[in-house]
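Now for the letters of each chain:
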Amino acid sequence: MPRQNTSPAEYPQAVLRQIELLAQNIVIARKRRGETQAQWAKRLGVSQPTMARIERGDPSVAMASYVMCMWLINQAEGLADLIAPDRDRAALEQEVRKVRTSGRKSTATQWPAAQVPAPTLRVMEPRPSVGKANAAGLAALLNPQDQAGGMKS
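Since the model is a prediction, treat every value here as computed from it, not as a measurement.

Asks: What should I look at first to understand the overall build of the protein chain in this one?
Replies: Each helix and strand counted, the protein chain has 7 helices and 0 strands in total. For the protein chain, the sequential pattern of α-helices and β-strands runs α-α-α-α-α-α-α. Across the 153 residues in the protein chain, those meeting the buried criterion constitute 21%. Put simply, of all contacts in the protein chain between residues at least 6 apart along the chain, 53% involve residues at least 24 apart.

Spelled out as structure tokens, the structure:
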């Protein structure tokens, strides 16, 4: 197994707390089903000591082992959606700032100072879809004039 660059002791407390909560939920789910650690370990393809480490919230256990536990509990539906691009508000805000900044520089050469249109920003709620729809949504957010049939002067 490759050596980790960051010791789990150096992880932010918020990350360690989320792993701990995940572990607690795994324990509850297993016990509610009336199954032993050994039974779950066998179904996961890990050793019983690894299953015990998962249930302790050991951050050095492979992510795949935690995801497999989630799959056993609830088929891990929607896990990737938690960090889908359309939910990454920080990146979206950064992209909007870049467009606004580059837009100001280019509009200064296209419009007299008194006629520079004010930038507009449409607020869009995240959608569960992924892929091309996200690109279209971002394009609509960044170019509202295109949606209205062109820029008005």
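Asks: Explain the environment of Ala23 here, please?
Replies: As for its placement among the helices and strands, Ala23 is situated in helix α1 (residues 13–32). What makes Ala23 buried here is its relative accessible area of 1%. Between the C-alpha atoms of Ala23 and Tyr66, which are 43 residues apart in sequence, the distance is 8.3 Å. Excluding its chain neighbours within four sequence positions, the residues that come into contact with Ala23 are Ile54, Glu55, Arg56 and Gly57.

Asks: Just to check I follow, could you spell out the pattern of salt bridges for this structure?
Replies: Any two side chains of opposite charge can pair, given that their charged atoms come close. A complete count under the given rule lists 4 salt bridges for this structure. Notably, a salt bridge pairs Arg30 with Glu55, separated by 2.5 Å at the nearest N-O pair. In this pair, Arg30 is assigned in helix α1 and Glu55 in helix α3 (residues 48–56), connecting sequence segments 25 residues apart. The class of Glu55 is buried, set by a relative accessible area of 12%. In this structure, Glu35 and Arg43 form a salt bridge, with 3.0 Å as the shortest nitrogen-oxygen distance. Here Arg43 falls in the partly exposed class, since its relative accessible area comes to 44%.

Asks: Where do I start with helix α2 (residues 37–44) in this structure?
Replies: In an α-helix there are 3.6 residues to a turn, and that puts residues three or four apart on one side. Burial in α2 covers these residues: Gln37, Trp40, Ala41 and Leu44. One side of α2 holds all its buried residues, which, seen down the axis, span an arc of 105°. Residues of α2 that are buried sit in contact with α1, α3 and α4 (63–74). Positive phi appears at Gly45, one or two residues downstream of α2, with a value of about 80°.

Asks: In this structure, what is going on with the nonpolar core? I would like to understand it.
Replies: Grouped burial of nonpolar side chains is what soluble globular proteins tend to show. Grouped together as the largest cluster of nonpolar side chains are 12 residues: Ile19, Ile26, Ala29, Trp40, Ala41, Leu44, Met51, Ile54, Val61, Tyr66, Cys69 and Leu72. Breaking this core down by element, the ones donating at least two residues are α1, α2, α3 and α4. With residues up to four places along the chain from it excluded, the contact list for Trp40 reads Ile26, Ala29, Arg30, Arg33, Glu35, Met51, Cys69, Leu72 and Ile73.

Asks: Mind showing me how you'd approach the side chain of Gln37 here?
Replies: Tracing the chain through its elements places Gln37 in helix α2. Separated by 2.7 Å, the side chains of Gln37 and Glu55 make a polar contact. Excluding anything up to four places from it in sequence, Gln37 contacts Arg30, Gln48, Met51, Ala52 and Glu55.

Asks: Help me out: how do you make sense of the confidence of the model for the protein chain in this one?
Replies: Where the model shows low pLDDT, its predicted coordinates should not be examined in detail. Summary statistics for the protein chain give a mean pLDDT of 76 and a share of 63% for residues scoring 70 or more. Ranking the elements of the protein chain by mean pLDDT puts helix α7 (residues 144–147) last with 49 and α3 first with 96. Within the model, pLDDT remains below 50 along residues 129–133, and this stretch shows 5 contacts once partners closer than five positions in the same chain are excluded. Confidence drops under a pLDDT of 50 for residues 146–153, and excluding neighbours within four residues, the segment shows 7 contacts in the predicted structure.

About the criteria used
Residues numbered from 1 in each chain as written. Predicted model: local features only at pLDDT ≥ 70, side-chain atom pairs only at ≥ 80, totals over all residues. Heavy atoms only, no water. Helix = DSSP H or I, 4+ residues; strand = E, 2+ residues; numbered from the N terminus. Buried < 20%, exposed > 50% of the residue type's maximum accessible area, 1.4 Å probe, protein only. Contact = heavy atoms within 4.5 Å. Salt bridge = Lys/Arg side-chain N within 4 Å of Asp/Glu carboxyl O. Arc of directions from axis to C-beta. Core = buried A, V, L, I, M, F, W, Y, C linked by side-chain atoms within 4.5 Å. Polar contact = N/O pair within 3.5 Å; in protein donor to acceptor, adjacent residues only side chain to side chain. pLDDT = per-residue confidence, 0-100.

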